[in-house]
Amino acid sequence: MLYVLNIKGKEFLVSPGDKVKVPYINGLNPGEKFVVENALLFDEEPEIKTKNVETIVEGIGKERTVIAFKYRPKKGYRNKKGNRQRYTLLRVSG
């Protein structure tokens, strides 16, 4: 049984028991339940159904640093910025 979860405009292909990193969802704490509505359900039948999928928040964290470095030769222009994107770790319970 496979689910396609649509969270914040991104789609994730998961099955029950999987852990998935999704973009940060504001207002959730570890241990809380989060229901993903209208997830696509792929079963052994050839038709596609929609279902509400219950997930549990495992944790909240930050990804590795991504460096954006701009450089213009012979002009003395150098600009270095870093970003750590936040994420929410969800476990699909069923």
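The structure under discussion appears in the preceding block.
Now for a quick tour of the structure.

Definitions and cut-offs
- Residue indices follow the written sequence of each chain, beginning from 1 at its first position.
- Thresholds applied to this predicted model are a pLDDT of at least 70 for local features of residues and 80 or more for the giving and counting of side-chain atom pairs; totals over whole chains, interfaces and linings are not thresholded and use all residues.
- Side-chain measures here rest on the full set of heavy atoms in the structure, leaving out hydrogens and waters.
- By definition, any uninterrupted DSSP run of H or I lasting at least four residues is a helix, any uninterrupted run of E lasting at least two residues is a strand, and each is numbered from the N terminus.
- The reference for a compact globule is 2.2 Å times residues^0.38; the radius of gyration itself is calculated from the C-alpha atoms.
- With a 1.4 Å probe rolled over the protein chains alone, any residue whose accessible area is under 20% of its type maximum counts as buried; one over 50% counts as exposed, and the rest are partly exposed.
- In this description, contact between two residues means that some pair of their heavy atoms is separated by no more than 4.5 Å.
- The rule is short: rings of Phe, Tyr and Trp, with Trp giving its six-membered ring, pair when the centres are within 6.5 Å, and they are stacked under 30 degrees, edge-to-face over 60, tilted in between.
- Note on geometry: a ring has a charge over it if NZ (lysine) or CZ (arginine) is within 6 Å of the ring centre and within 35 degrees of the ring normal.

Attention now goes to the overall build of the chain. Helix and strand content of the chain: zero helices and eight strands. Reading the chain from its N terminus to its C terminus gives the helix and strand order β-β-β-β-β-β-β-β. Computed over C-alpha atoms, the radius of gyration of the chain comes to 19 Å, more than 25% over the 12 Å expected from 2.2 N^0.38 for 94 residues, which places it beyond the range of a compact globule. Over its C-alpha atoms, taken along the principal directions, the chain stretches across nearly 65 × 30 × 20 Å. Sorting the 94 residues of the chain into buried and exposed places 27% on the buried side. Once local pairs closer than 6 in sequence are excluded, the contacts in the chain between residues at least 24 apart make up 53%.

This part covers the packing of aromatic side chains. In this description, a pair of aromatic rings is defined by centroid distance and the angle of the planes. Tallied over the entire structure, the rule returns zero aromatic pairs. We note Lys-21 situated over the ring of Tyr-87; from NZ or CZ to the ring centre the distance is 4.5 Å. A cation over a ring is seen here: Arg-86 above Tyr-24, with NZ or CZ 3.9 Å from the ring centre.

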